[in-house]
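Letter by letter, the chains look like this.
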Amino acid sequence: MLKRTWVGGVMVAGLLVGAAGAAGQVREPEILREGEGAHRSALNQSELKKFDAGAWAKLSDWTNGAALTAGATTGKPVLIVTWADYVPTAKRGLQLARRMAEKFGPQGLIVVGVHTKQEWAAAEKPAAPKDAMFLLAQDAKAEFRAALDADNDPDFFVIDRAGQMRFADIATESVEKAAELVKAGK
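Now for a look at the structure at hand. Since the structure is predicted, the reported quantities are computational estimates derived from the model, not experimental observations.

Some words on the overall build of the protein chain
In step 1: For the protein chain, the count of helices and strands is 5 helices and 10 strands.
In step 2: Counting over 186 residues, the protein chain shows a buried share of 46%.
In step 3: For the protein chain, the share of sequence-separated contacts (at least 6 apart) that also reach a separation of at least 24 residues comes to 65%.
In step 4: In the form shown here, the protein chain has an accessible surface area of approximately 8,700 Å², with 53% of it arising from carbon and sulfur atoms.

Regarding the packing of helix H3 (residues 88–104) against helix H5 (residues 175–183)
In step 1: Interaxial distance between H3 and H5 falls to 11 Å at its minimum, and their mutual angle equals 30°. Every pair of crossing elements has a handedness; the one defined by H3 and H5 is right-handed. Side by side, H3 and H5 meet where Leu 96, Met 100, Lys 103 and Phe 104 of the first sit next to Val 175, Glu 176, Ala 179, Glu 180 and Lys 183 of the second.
In step 2: For the contact of H3 with H5, the residue count by class is 5 nonpolar, no polar and 4 charged.

Focus: the environment of Ile 80
In step 1: With respect to the helices and strands, Ile 80 occurs in strand S6 (residues 78–83).
In step 2: Separated by 68 residues in the primary sequence, Ile 80 and Leu 148 have C-alpha atoms spaced 9.9 Å apart.
In step 3: In this structure, Ile 80 is in contact with Trp 56, Val 112, Val 114, Phe 144, Leu 148, Asp 155, Phe 156, Phe 157 and Ile 159, ignoring residues within four places of it in sequence.

Considering the nonpolar core
In step 1: Residues Leu 79, Met 100, Leu 109, Phe 167 and Ile 170 are the most contacted members of the largest nonpolar core, which totals 27 residues.
In step 2: Elements with a minimum of two residues in this core: S6, H3, strand S8 (133–139), strand S9 (155–159), strand S10 (164–170) and H5.
In step 3: Element by element, the count of residues in this core is highest for H3, at 7 residues.
In step 4: With near-sequence residues (within four places) excluded, Ile 170 lies in contact with Ile 31, Leu 32, Arg 33, Glu 34, Phe 156, Val 158, Val 175 and Ala 178.
In step 5: In terms of nonpolar packing, the next biggest core, distinct from the first, is built from 21 residues, Trp 56, Val 78, Leu 135 and Ala 150 among them.

Describing H5
In step 1: For H5, the complete set of buried residues consists of Val 175, Ala 178, Ala 179, Leu 181 and Val 182. Down the axis of H5, the buried side of the element spans an arc of 160°, and every buried residue falls inside it.
In step 2: Buried residues along H5 sit against S6, H3, S9 and S10.
In step 3: The positive-phi residue at the C-terminal boundary of H5 is Gly 185, with phi of around 80°.

Observations concerning the environment of Gln 118
In step 1: Summarising the element assignment, Gln 118 is placed in the loop between strand S7 (110–116) and S8.
In step 2: Of the residues examined, Gln 118 reaches a relative accessible area of 36% and is grouped as partly exposed.
In step 3: Sequence separation of Gln 118 and Tyr 86 is 32 residues, and the distance between their C-alpha atoms is 9.0 Å.
In step 4: Polar side-chain contacts of Gln 118 include one of 2.5 Å to the side chain of Thr 116.

Observations regarding the packing of aromatic side chains
In step 1: In the structure shown here, the tally under the stated rule is 5 aromatic pairs.
In step 2: Summarising the aromatic geometry, the rings of Phe 51 and Phe 144 are spaced 6.4 Å apart at their centres and angled 70° between planes, so their arrangement reads as edge-to-face. Remark: Phe 144 occurs in helix H4 (residues 143–148) and Phe 51 occurs in the loop between strand S4 (49–50) and strand S5 (60–63); sequence separation between them is 93 residues.
In step 3: Taking relative accessible area as the criterion, Phe 144 reaches 0% and is therefore assigned buried.
In step 4: An aromatic cluster of three or more residues is present, and its members are Phe 51, Trp 56, Trp 62 and Phe 144.

Here we look at the pattern of salt bridges
Opposite charge on two side chains lets them pair, provided their charged atoms get close.
In step 1: Per the stated rule, a full pass over the model turns up 10 salt bridges.
In step 2: Here Arg 40 makes a salt bridge to Glu 47, at a shortest N to O gap of 3.7 Å.
In step 3: Residue Glu 47 is classed as buried on the basis of its relative accessible area, which comes to 6%.
In step 4: Measuring nitrogen to oxygen at the nearest pair gives 3.5 Å for the salt bridge that ties Asp 131 to Lys 130.
In step 5: For Asp 131, a relative accessible area of 55% translates into the label exposed.
In step 6: Given the relative accessible area of 70%, Lys 130 is considered exposed.
In step 7: Through salt bridges with shared partners, one network takes in Arg 33, Arg 40 and Glu 47.

Cut-offs applied
Residues numbered from 1 in each chain as written. Predicted model: local features only at pLDDT ≥ 70, side-chain atom pairs only at ≥ 80, totals over all residues. Heavy atoms only, no water. Helix = DSSP H or I, 4+ residues; strand = E, 2+ residues; numbered from the N terminus. Buried < 20%, exposed > 50% of the residue type's maximum accessible area, 1.4 Å probe, protein only. Contact = heavy atoms within 4.5 Å. Areas by Shrake-Rupley, 256 points an atom, 1.4 Å probe, with all protein chains shown as cover. Axes fitted to C-alpha atoms, helices over the stretch in contact; angles between N-to-C directions. Left-handed = near helix turned anticlockwise from the far one by under 90°. Nonpolar A, V, L, I, M, F, W, Y, C, P; charged D, E, K, R; others polar. Core = buried A, V, L, I, M, F, W, Y, C linked by side-chain atoms within 4.5 Å. Arc of directions from axis to C-beta. Polar contact = N/O pair within 3.5 Å; in protein donor to acceptor, adjacent residues only side chain to side chain. Phe/Tyr/Trp six-rings, centres within 6.5 Å; stacked < 30°, edge-to-face > 60°. Salt bridge = Lys/Arg side-chain N within 4 Å of Asp/Glu carboxyl O.

Right, dumping it as structure tokens:
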């Protein structure tokens, strides 16, 4: 069942799922998911399924460090934010992601900002915080976004230590809680 609410002029949906199907228990209702309808249903289906680490190869022009590989993310939580530097809300999303790198990076969280192909050369690319992995890359062919089923900027996705897509397209106000959960291995 979806709990829909308006946050900052945007419709968000908190997914309520039984832990064992019909058990009726709420699975992390404090993490609000964005979207509704068929798109949201598809995103829901991607949660708790293995993230295809081969998707990292769809990104190019990595900054603040080497390109990610499956091996580099094994056993580590990952926060992904899609962003377009020329979109003010997306730019704020990247700033939030950088703060998460600063706060949780020393405990192993990898943060990746994925920029659209448009205006990549002119995009401001903030440096990584001390003792944190804050990588930026270009999605020149929009293949990475397609693999995630991202539809807007910013969109946030969280991969857990087991390599599963834990949270797909979550609301901005849920990013810190989601990062904290996966950082802690919960």
